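Coordinates in review
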Amino acid sequence: MNVNQQPHMATPYGQPQPGYQGYPQPGYGGDHVPSGYPAQYAPYNGPGSAYQQGPPQGTRGPPTSGAPPVSGAQNYSQFGQGENQNGPPPMGPLPSTQSSFPRPPHPTSQPSAFPAGPPPTSIPSQLPGVMQPQPPVSQPSPYHSGPPTTSTGFPPQVGAPPRPSFPGMQGPPMASQGPPMASQGPPMASQGPPMAQANHILPTQPGMPPGPINASLSGPPPQPGMQGYPPQQNGAFGQVRGPQPGYTGPYPGQPNYGAPPAAPASAPAAPKRLDPDSIPSPIQVIEDDKANKGSEPFTTGVRGQAPPLVTTKFQVKDQGNASPRYIRCTAYNMPCNSDMAKQSQVPLAAVIKPLAPLPPDETPPYLVDHGESGPIRCNRCKAYLCPYMQFSEGGRRFQCGFCNCVTEVPPNYFQHLDHTGKRVDCYDRPELSMGSYDFMTTVDYCKNNKFPQPPAFIFLIDVSYNAVKNGTVGIVCQELKTLLDYLPRENPDVESNIRVGFVTYNKVLHFYNVKASLAQPQMMVVSDVADMFVPLLDGFLVSVSESRVVIESLLDQIPEMFADTRETETVFGPVIQAGLEALKAADCAGKLFVFHSSLPIAEAPGKLKNREDKKLVGTDKEKTLFQPQVSFYNTLAKECVAQGCCVDLFLFPNQYVDVATLGVVPTSTGGSIYKYTYFQAPSDQERFLNDLRRDVQKQVGFDAVMRVRTSTGIRATDFFGAFYMSNTTDVELAGLDCDKTVTVEFRHDDKLSEETGALMQCAVLYTSCSGQRRLRIHNMAVNCCSQLADLYRNCETDTIINFFAKYAYRSVLSSPTKNVRDSLVNQCAQILACYRKNCASPSSAGQLILPECMKLLPVYLNCVLKSDVLQPGADVSLDDRAYLRQLVSTMDVAESHVFFYPHLLPLQKLDVESMALPMAVRDSEERLSRGGVYLLENGLNIFLWVGVSAQQELLQNIFGTPAFSQIDPNMTSLPALDNPFSKRLREIIESVRAQRSRYMKLMVVKQEDKLELIFKHFLVEDKSNSGGASYVDFLCHMHKEIRQLLS
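Source: prediction; values computed, not measured.

Once that is clear, we can look at the overall build of the protein. Helices and strands together make up the secondary structure of the protein, namely 21 helices and 29 strands. Every one of the 1047 residues in the protein was classed for burial, and the buried ones make up 62%. For the protein, the proportion of contacts with a sequence separation of at least 24, taken over those separated by at least 6, is 77%. Working note: accessible area of the protein is about 37700 Å², and carbon and sulfur atoms make up 52% of it.

The structure is reproduced here in structure tokens:
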């Protein structure tokens, strides 16, 4: 790589900032940090020694089928910031930053481009598309005299028109020699079937004069020592712009933007960076998939076909394999043997969401009843009857698709076969023709061989001083009065048979008797928290309809009773023990809703101390901060799972509460954690209440056990999610709701054959909210391949990233974050190097070639590497990191996609007449126009970014004021104005919220306002505050890693 290759730089930032997830931080400004951040990546242009291979300590890449060799600890960050030595200022709009609480701009001068003086210029760069300064004529040039072309590709544009001066344009249309570029990047050229297309980033022509490209494609006269470039092959990432001859005017805030920088004579000419429009665009891939796969229903009958992307709206027709809403795989062509899997390093995994909700136009799974003998299963491996069973002997026996064992068909299930060997009733029976269905079970499938009682919900409310003062006690009690009418039920016309109970607590616990026959609720206090028991049986768990009057009286009295409390200390362990004991006494499963505000420091089991220590971040001891500080909660979680007691935790902290420890029980029981830091009723109440309503009402199964069976040749070896495992095969979930996913990794234990493919069956045994014991079955068949090219043709990058994130986020419990990042980079480089070596047509080492279905792997992987868990900014709290780590562990692919690569919509392009949304733009500051308004959402937050020059009419339509200065940045909901634009925008926000499992609070961000630093944290293609690389720089780094592996 050329030493004078100079990536973009961002200014360092100062102190934390109010407002991220509701954090009003004290003091803005304040002390500035030293200007040099500990950079994660050494300069991409740094000395070769920064990239030597050597094993890191104690971590491995996410296993695929054998641990990959791991590359050395790589220090690849931008150069140190702040040493202002000779060299031009960086070009281009300043990239944005990525840290949870970014900091205000540092008042130092612009950081310089070359930290250690001008580098030597004699090494020709092998990296494509990176714009080089023109070599002196005497120097041999590595480039070919004319642009490389193909029959379908376009030559790199040389005479591209100059870029306009403001950062909002996506790039000018190309000169008339090529078709106009789409705003998201030029069209991709391709020859042959799109799946087989290799992707190249073209080398650019250094120093070519601007001017028309004439028909003969002649370039400047060849220079001495030229080697021709091989012609470019199928599939280019579009044209790379030639050196931009002159930008049209100074960029605000940068002297003479685009003019030749004033530099000492010894400095080389300003190097140009890789053009972002010439590298794979997530938006382009998403739009192409919508166009190609969004119109037809996706039928699941064909084995091994990859579904549309999670960003595409499509209808599913179940014809024998589970819908992608239930199961998504990393690869739909599995390698036939473990050697091939090891060689490619592609993880083999499935992300399973057993109770996923379906859109209204799709049929929910049918309920199948096989009578008193229960569901029919294989005698040997116990797989349930499914479309992969082959009937024989006229229908009297079936051969199992998983283990090949032959089983007798029970007489009451017998049916004749047709001329193809299929049962004549095949299409009348969901279990013989569908990918997903439910079975009714018999008493043999129940705990202690007796049918379960209906489940119970217990609400445990913190009434300490903090909880009363911030308003949560009053809000919860008021909301429960109406919410209890909406407890989950299977038949909307029948009342729910879930019973409810109530406890309040500070450092003692108060139980309430709300028996229907009482005139007033009765309170019983348990102050011996060391030995928790439930002081009443009759009257604690009641039916809402029978005890409504007493319950409402209680909910009115609780806020008054504790209004003047002075008790600041709380307990936590005994609170969960109390709920667990109550469920044991009632002999039922259920869910605890715990509303908690502070670190439990009162003397009691599970007491915690404040261990927040920022000095450990980035050290080998950092992993201890993600581990629970006491083992008490692990033992308690195990007891909860045994009883079917699921815990959902709502946290309202004003300081450190040790989420890593408090979260152990929720994340081991299939529960959820919701966190409202610095909760303020006026701005946060809406978010909390929407989360609570959805959490109480959503479909949920209790006391669940999940097992994944596979056909001979592979087996499930590793599991990720919120559950408990007491053995190697059974995933135990005290509760399993419609949002939870379990991710399963597979390994080879034998060879697979291309004829039969690979089968998996996920069976979940659970108690429905009406108290019925059921089985939910999902079946999936994928192809097997003996050629690497087939594997790389049929992978799903979004699912691979979901798996990598979960793998990495679990690894931080046992390895330093730097090792975790390095092993991810190394595994990704191995995947791409294996493709380059074995599947791509030969070409210059200077070209980066990516498989078509993985061309976004680098940009998405970089987003995971820069995330707050793996590379936090200085202002991200430990609690936030623990919270996000636990949150991602149960995310489905759609949620992880938007979490790591947020959705950014240009509202100035919104057409109010159309139901279609405007095409999203890429997550980079360069894509924002000062005259625009943008909506950004990532599943947890919604931002409305308002450009400083936004049109008055647009502002009037959205905010009811034409003046930028009059927009209130503290608003959390948009005014309901009587104009089509306002109505449409509010509809869009509501529909986006409806797609996500958590309610997203709206934040209005005005350009150049202090809140903008938080917004920029989500512009993930740019360099981040915490040292994370920009997309362009990471792609260069990835290319270097791949070439190192190949050499």
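In contact at an axis separation of 10 Å, helix α15 (residues 857-865) and helix α21 (residues 1031-1046) are set at 105° when each is read in the N-to-C sense. Looking at the two axes, α15 sits roughly perpendicular to α21. Within the contact between the two elements, α15 uses P858, V859, L861, N862 and L865 and α21 uses Y1031, F1034 and L1035. Classifying every residue of the contact of α15 with α21 by side-chain character gives seven nonpolar, one polar and no charged.

This next bit is on helix α18 (residues 952-959). Within α18, burial applies to L954, L955, I958 and F959. Buried residues along α18 cover an arc of 95° about the axis, so they all sit on one side. In α18, the exposed positions that point more than 90 degrees away from the buried face belong to Q952 and E953. Packed against the buried residues of α18 are β27 (933-937), β28 (941-946), α19 (980-995) and β29 (1001-1006). One or two positions beyond α18, positive phi appears at G960, with a value near 80°.

The side chains of a regular strand alternate between the sheet's two faces. Across the seven residues of strand β13 (residues 499-505), six count as buried, placing the element largely inside the fold. Strand direction decides the pairing type here: strand β12 (residues 456-462) and β13, joined by seven bridges, are parallel. Looking across to β13, one finds that A456 is bridged to R499. Note that β13 and strand β14 (residues 509-513) share three bridges and pair antiparallel. Looking across to β14, one finds that V503 is bridged to F511. Taking the residues between adjacent antiparallel strands as the criterion, β13 and β14 are bridged by three residues.

Let us look at the pattern of salt bridges. Opposite charge on two side chains permits them to pair, given that their charged atoms come into close proximity. All chains considered together, the criterion is met by 46 salt bridges. Among the salt bridges present, the one from K607 reaches E603, with a minimum N-O distance of 2.8 Å. Classification of E603 as exposed rests on a relative accessible area of 62%. Ionic pairing is found between D739 and K698, a salt bridge with its closest N-O pair at 3.0 Å. Of this pair, D739 sits in the loop between β21 (731-737) and β22 (742-748) while K698 sits in the loop between α11 (681-697) and β19 (700-710), placing them 41 residues apart in sequence.

Once that is clear, we can look at the confidence of the model for the protein. When pLDDT is averaged across the protein, the result is 81; 74% of the residues are at 70 or more. Low confidence marks residues 1-199, where pLDDT is under 50. Its contacts with residues over four positions away, or in another chain, come to 618 contacts. Here residues 202-270 is modelled with pLDDT under 50, and outside its nearest four sequence neighbours on either side it reaches 187 contacts, counting other chains as well.

Reading across the sheet, the four strands line up as β26-β27-β28-β29 and stay open at both edges, with mixed pairing between neighbours. Two strands close off the open sheet at either side, each with one partner strand: β26 (903-906) and β29. Averaged over all pairs of adjacent strands, the angle between strand axes in this sheet comes to 20°, irrespective of strand direction. Along the sheet, α18 makes contact with β27, β28 and β29, crossing β28 at roughly 145°.

Using the criterion set out here, one finds zero disulfides in the structure. Between C405, a free cysteine, and C378, which holds the nearest cysteine sulfur, the sulfur-to-sulfur gap is 4.5 Å. C795 takes part in no disulfide bond, and the closest cysteine sulfur to it belongs to C853, at a distance of 4.9 Å.

Here we come to the environment of Y437. Structurally, the position occupied by Y437 is in strand β11 (residues 436-440). Look at Y437 and you get buried, because its relative accessible area is 0%. In the structure, Y437 is positioned 69 residues away from V368 in sequence and 7.3 Å away in space, judged by C-alpha atoms. One polar contact links Y437 to N779, side chain to side chain, over a distance of 3.1 Å.

Turning our attention to the side chain of D462. Counting through the fold element by element, D462 comes out in strand β12. Although D462 is buried, it makes no salt bridge; K469 carries the closest opposite charge, 13 Å away. Each residue touching D462, except ones within four places of it in the same chain, is listed here: A467, V473, Y505, T570, F595, H596, S597 and S598.

The phi dihedral of Q345 falls on the positive side, at around 65°, and the residue is not glycine. Residue placement: Q345 occurs in the loop between α2 (338-344) and β6 (349-352). Positive phi values are uncommon outside glycine, yet N404 reaches one of about 70°. Of note, N404 is situated in the loop between β9 (397-399) and β10 (406-408).

Under the 1.5 Å per step criterion, the end-to-end length of helix α14 (residues 817-838) is 32 Å for 22 residues, consistent within 8% with the ideal 32 Å. The buried fraction of α14 amounts to 19 of the 22 residues, a majority that puts the element mostly inside the structure.

All told, the structure shown has 17 cavities of 30 Å³ or more when counted by the stated rule. By volume, the largest cavity is sized at about 300 Å³. What lines the largest cavity is a set of 22 residues, among which L887, T890, E895, S997 and R998 lie closest to the centre. Split by residue class, the lining of the largest cavity holds eight nonpolar, eight polar and six charged.

The subject of this paragraph is the nonpolar core. Core analysis: the largest hydrophobic core is formed by 177 residues, its most contacted members being F511, M706, L944 and F959. Of the residues forming this core, the biggest block, ten residues, is contributed by α14. Filtering out sequence-adjacent residues up to four positions away, L944 remains in contact with L907, V933, Y934, L935, I958, F959, L974, L1002, M1003, V1004 and V1005.

Attention now goes to the packing of helix α13 (residues 797-811) against α15. Any two packed helices are characterised by the angle at which their axes cross and by the distance between the axes. Look at α13 against α15: their axes get within 10 Å of each other, and the N-to-C directions meet at 25°. When the interaxial angle is binned, α13 and α15 end up roughly parallel. Like other packed secondary-structure pairs, α13 and α15 cross with a definite hand, here right-handed. Between α13, through T797, D798, I800, I801, F804 and A805, and α15, the contact on the second element is made entirely by L857, Y860, L861 and V864.

The sheet built from three strands is open, its strands ordered β8-β9-β10 with antiparallel pairing. The open sheet has two free edges, formed respectively by β8 (390-392) and β10, since each of these has just one partner strand. Averaged over all adjacent pairs, the angle separating strand axes in this sheet is 30°, with direction ignored. Bridge count for β9 against β10 is three bridges, and the pairing is antiparallel. Each residue of the ladder has a partner; that of R397, found in β10, is E408.

Before going further, it helps to spend a moment on the pairing of strand β24 (residues 773-785). A large share of β24 lies buried, amounting to twelve of its 13 residues. Direction of pairing for strand β5 (residues 333-335) relative to β24: parallel, over a ladder of three bridges. If you follow M334 over to β24, its bridge partner there is C784. Bridge count for β11 against β24 is five bridges, and the pairing is antiparallel. Residue Y437 lies in a different strand from β24, and its bridge partner there is I777. Sheet analysis places strand β23 (residues 758-767) next to β24, joined by ten bridges and oriented antiparallel. Bridge pairing in β24 places A758 opposite V782.

Procedures and definitions
Chains are numbered independently. Their residues run from 1 in the order of the written sequence. Under the rules for a predicted model, residues below a pLDDT of 70 receive no local features and side-chain atom pairs below 80 are neither given nor counted, while totals for whole chains, interfaces and linings still include all residues. Processing note: side-chain calculations cover all non-hydrogen atoms of the structure and skip hydrogens and water entirely. A run of H or I in DSSP counts as a helix once it spans at least four residues, and a run of E counts as a strand once it spans at least two, with each numbered from the N terminus. Buried means the residue's accessible area, taken with a 1.4 Å probe over protein chains only, is under 20% of the maximum for its type, while exposed means over 50%, and partly exposed covers the values in between. Every residue pair with non-hydrogen atoms within 4.5 Å of one another is taken to be in contact. For every accessible area listed, the method is Shrake-Rupley and the probe measures 1.4 Å; residues are considered covered only by the protein chains on display. Under this scheme, a helix contributes an axis fitted over its contacting stretch, all axes are lines through C-alpha atoms, and angles between N-to-C directions fall in the 0 to 180 degree range. Here roughly perpendicular refers to angles of 65 to 115 degrees, roughly parallel to angles under 35, roughly antiparallel to angles over 145, and oblique to all remaining angles. Any residue outside Ala, Val, Leu, Ile, Met, Phe, Trp, Tyr, Cys, Pro, Asp, Glu, Lys and Arg is labelled polar, Gly included; the first ten of those are nonpolar and the last four are charged. In this description, the arc belongs to the directions extending from the helix axis to the C-beta atoms. Paired strands, in this sense, are two strands between which DSSP finds at least two bridges. Salt bridges are defined as contacts in which a side-chain nitrogen from Lys or Arg sits within 4 Å of a carboxyl oxygen from Asp or Glu. Confidence scores per residue from the predictor, reported as pLDDT, run from 0 to 100. The disulfide criterion used throughout: a pair of cysteine sulfur atoms within 2.5 Å. N or O atoms within 3.5 Å of each other form a polar contact, as long as, within protein, one can give a hydrogen and the other can take it, and as long as residues adjacent in sequence are counted only when both atoms are side-chain atoms. Charge convention: Lys and Arg are scored as positive, Asp and Glu as negative, and His as well as the terminal groups of each chain are ignored. Here the expected span of a helix is defined as 1.5 Å times the quantity of residues minus one. With a 1 Å grid laid over protein atoms only, a set of points is called a cavity when a 1.4 Å probe fits there but cannot get out and a pocket when it is open yet has protein on both sides within 12 Å along at least five of seven lines; lining residues have an atom within 4 Å of a point. Grid points are joined across faces, edges and corners, and a volume is the space filled by probe spheres set on the points. Buried residues of nine kinds, namely Ala, Val, Leu, Ile, Met, Phe, Trp, Tyr and Cys, make up a nonpolar core once their side-chain atoms join them within 4.5 Å. Each crossing is labelled by how the near helix is turned from the far one, with a counterclockwise turn of less than a right angle marking it left-handed and a clockwise turn marking it right-handed.

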